[in-house]
Amino acid sequence: MEPNAEDFYKPSGSAAVAEAPAPQSSSNNSAAKPPKDTSFSWTASEYIDHDRGASWYLLLIIGTALLAAGTYLLTKEYFATGTIVAVGIIVGIYSRQKPRQVTYELSESSLRIGEKSYSYNLFKSFALVKDGMLNSIQLSPLKRFMPPISAYYDAADEEKITDILGEHLPYEDAKPDRIESLSRRLKF
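Conventions and cut-offs
Residues numbered from 1 in each chain as written. Predicted model: local features only at pLDDT ≥ 70, side-chain atom pairs only at ≥ 80, totals over all residues. Heavy atoms only, no water. Pairing = 2+ DSSP bridges. Helix = DSSP H or I, 4+ residues; strand = E, 2+ residues; numbered from the N terminus. Core = buried A, V, L, I, M, F, W, Y, C linked by side-chain atoms within 4.5 Å. Buried < 20%, exposed > 50% of the residue type's maximum accessible area, 1.4 Å probe, protein only. Contact = heavy atoms within 4.5 Å. Axes fitted to C-alpha atoms, helices over the stretch in contact; angles between N-to-C directions. Parallel < 35°, antiparallel > 145°, perpendicular 65-115°, else oblique. Nonpolar A, V, L, I, M, F, W, Y, C, P; charged D, E, K, R; others polar.

Regarding the pairing of strand β3 (residues 110-113)
Across three bridges, the pairing between strand β2 (residues 101-106) and β3 is antiparallel. Across the sheet, residue Glu 105 finds its bridge partner in β3, namely Arg 112. Remark: three residues form the turn of the hairpin made by β2 and β3, two consecutive strands paired antiparallel. Where β3 lies against strand β4 (residues 116-119), four bridges are found, and the strand directions are antiparallel. Considered in β4, the bridge of Ile 113 is made with Lys 116.

Examining the nonpolar core
The biggest cluster of nonpolar side chains holds 25 residues, and the ones touching the most others in it are Trp 42, Leu 139 and Leu 165. For this core, the secondary structure elements donating two or more residues are β1 (40-45), β2, β3, β5 (123-131), β6 (134-141), β7 (149-153) and α3 (158-166). At four residues, the largest contribution of residues to this core is made by β7. Filtering out sequence-adjacent residues up to four positions away, Leu 165 remains in contact with Leu 106, Tyr 120, Phe 126, Ile 137 and Leu 139.

Considerations on the packing of helix α1 (residues 54-75) against helix α2 (residues 78-94)
At a minimum axis distance of 8 Å, the contact between α1 and α2 shows a crossing angle of 170°. The angle between α1 and α2 falls in the class roughly antiparallel. For the pair formed by α1 and α2, the contact residues are Trp 56, Tyr 57, Leu 60, Thr 64, Leu 67, Ala 68, Thr 71 and Tyr 72 on the first element and Tyr 78, Ala 80, Thr 81, Ile 84, Val 85, Gly 88, Val 91 and Gly 92 on the second. Of the residues assigned to the contact of α1 with α2, the class counts are eleven nonpolar, five polar and no charged.

Things to note about unusual backbone geometry
At Lys 76, a position not held by glycine, the phi torsion is positive, near 60°. Within the secondary structure, Lys 76 is located in the loop between α1 and α2.

The following block contains the structure:
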């Protein structure tokens, strides 16, 4: 399904209008306008770094112990109980890591995050998400089991980023999903 021209994002609030291509003259190529550069790159954090105090880790230990004990009492399975304890340890270790600074790049055909490139035709729309100190763009995938892709940016770069994305994808209002809301509450 092809999106309508008025579905594309324009920061001024006006709808995009399809224009007829300009006639090209072959007699004087030097007078032609140079192609518009639609690539833009920036560097930002790969995810939001939450400040977790000692109480967060204490709650993680207590929650893991209660879940493991409850699982053992219900199932009498050592493997399931051990798996819960291992996952609790992995979460504790992973939560101590700091986010890397990643280079994001929007080009004519794709979004590049670090070394990975995502073509615009993999997505149906984009949304702007305000999350504390960091803003992000969330790209909604066309494939059912592909997770949404987020790219964090500085508020000063928002207009340039939305102009480029608006040429390729329709804008959609951001609606936080349950998993995202839960991870924010858990500071993860």
